[in-house]
Structure formats: structure tokens, C-alpha cells
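Each chain, written out:
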Amino acid sequence: DIKPTKTDRLFIRIGWVLVLLHFVVLFIFYFDLPNTMPTHFNLKGEANGFSSKNDLWILPILSLIIYFGVGKLITNMKPWHYNYPKKVTEQNAPYLYALSRRMLVWLNLCTVLTFLAVSIHSMLIALDVQSINLSWLILCLLGFLTLYPFIVIFKMFNTPKT
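Being a predicted model, the structure only gives us computed values, none of them experimental.

**Here's the deal with the layout of surface pockets**
Here's step 1: Space inside the largest pocket adds up to approximately 210 Å³.
Here's step 2: Along its surface, the largest pocket is lined by 12 residues, and F41, N42, V118, I138 and L142 are the ones closest to its centre.
Here's step 3: Those elements that place two or more of their residues in the lining of the largest pocket are strand 1 (36-41), helix 3 (93-126) and helix 4 (135-157).
Here's step 4: For the lining of the largest pocket, the leading source of residues is helix 4, giving 4 residues.

What follows is the structure, encoded as C-alpha cells:
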């Protein structure tokens, strides 16, 4: 049985802090926000979709649900039930299991961080704070969410067969 490492457990706790922070930040700024908020942005970070400020609560709630669900998967589902791109042997199993668990931890954390960044970005634009633009951070996080699984799969393919 492969247990989460200390690093994995640390990042899982950081993710929970980010989920809580998302709710706290939204609550702090909620009453100062206009009733109509930017909720969608183009690649330049310019608002091109608007909605009620009440809709901002969707992201932290979704973040909580996803983080909890994937967290349960990480801690309760045995890694030998996952699908791997190569044959799992007794020799490579510990490495592959740890790598797959680490990937889920990072993707879960990055998802929560992306949702938080999008919420903060929307609030900053609604409050007309132009000195801070989180578009670059959001694009980097989305790039990481897209590319990281391919990097892990590549690492798995290059695992020695012995």
C-alpha cells in the first residue's frame, strides 16, 4: 500500500487552505462589488461576459466539491486501480503509484488555485483595480493543468521495466 508522502500531505493541506481562503476573500469583498460582474474573459484578460455578483459563489462551491472529491480519490482509492500507460510490475509499482498520486495532488491543488485566481481577477476588474492583472497567472495555471498530465505520462513510459 502506497501512502501519500509528507510532501503530498502538505500540498493537500495547502489546497484546503486555498479552498477556505477562496470563501473568505469572496466574503470580504462581496458587499463592495457591483451587482453586475465580469465573469468571462478573452485571452487578453478583457471582460466579455457579465453576470450577477451572486454567481461568484459558484467557483468556491465548485472548488470545494472538486477538491473534496479528488481528495477522497487520492486518499481512499488504491493506486493499483488506476490506469497506467505501461505494464505495472512489482519493481516499478512503487514509482508509478507514487507518481500517479503526486499528479492527482498537483492537479487538484492547481484547479483550486485556478478557481481562486479567476475569482480574484473578476473582483479586481469589477472594483476597477487596474494595477493588478492575473490573466498571466490564470493562463499559466491552465497551461500547467493541460501539460502536466502529459509530462507524467512521459515519465511513466520512461520507467525502467525491471
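**Examining the packing of helix 1 (residues 6-30) against helix 3**
Here's step 1: Interaxial distance between helix 1 and helix 3 falls to 10 Å at its minimum, and their mutual angle equals 15°. Viewed along their axes, helix 1 and helix 3 adopt a mutual orientation that is roughly parallel. In this structure, helix 1 meets helix 3 at a crossing whose hand is left-handed.
Here's step 2: The residue inventory of the contact of helix 1 with helix 3, partitioned by class, reads 18 nonpolar, 4 polar and 3 charged.

**Quick word on a nonpolar patch on the surface**
Here's step 1: On the surface, L147, F150, I151, I153 and F157 cluster together into a nonpolar patch covering about 520 Å² of accessible area.
Here's step 2: On the basis of relative accessible area, L147 is assigned to the exposed category, the value being 54%.

**Points about the pattern of salt bridges**
Here's step 1: Applying the stated criterion across every chain, the model contains 1 salt bridge.
Here's step 2: Residue D8 pairs with R102 through a salt bridge whose shortest N-O separation is 2.5 Å. Linking D8 in helix 1 with R102 in helix 3, this pair joins segments that are 94 residues apart in sequence.
Here's step 3: Classification of D8 as buried rests on a relative accessible area of 2%.
Here's step 4: Classification of R102 as partly exposed rests on a relative accessible area of 25%.

About the criteria used
- Residues numbered from 1 in each chain as written.
- Predicted model: local features only at pLDDT ≥ 70, side-chain atom pairs only at ≥ 80, totals over all residues.
- Heavy atoms only, no water.
- 1 Å grid on protein atoms, 1.4 Å probe; cavity = no way out; pocket = protein on both sides within 12 Å on 5 of 7 lines; lining within 4 Å.
- Points joined across faces, edges and corners; volume = space filled by probe spheres on them.
- Helix = DSSP H or I, 4+ residues; strand = E, 2+ residues; numbered from the N terminus.
- Axes fitted to C-alpha atoms, helices over the stretch in contact; angles between N-to-C directions.
- Parallel < 35°, antiparallel > 145°, perpendicular 65-115°, else oblique.
- Left-handed = near helix turned anticlockwise from the far one by under 90°.
- Nonpolar A, V, L, I, M, F, W, Y, C, P; charged D, E, K, R; others polar.
- Patch = residues over 30% accessible without salt bridge, like charges linked within 9 Å, V, L, I, M, F, W, Y side chains within 5 Å.
- Areas by Shrake-Rupley, 256 points an atom, 1.4 Å probe, with all protein chains shown as cover.
- Salt bridge = Lys/Arg side-chain N within 4 Å of Asp/Glu carboxyl O.
- Buried < 20%, exposed > 50% of the residue type's maximum accessible area, 1.4 Å probe, protein only.

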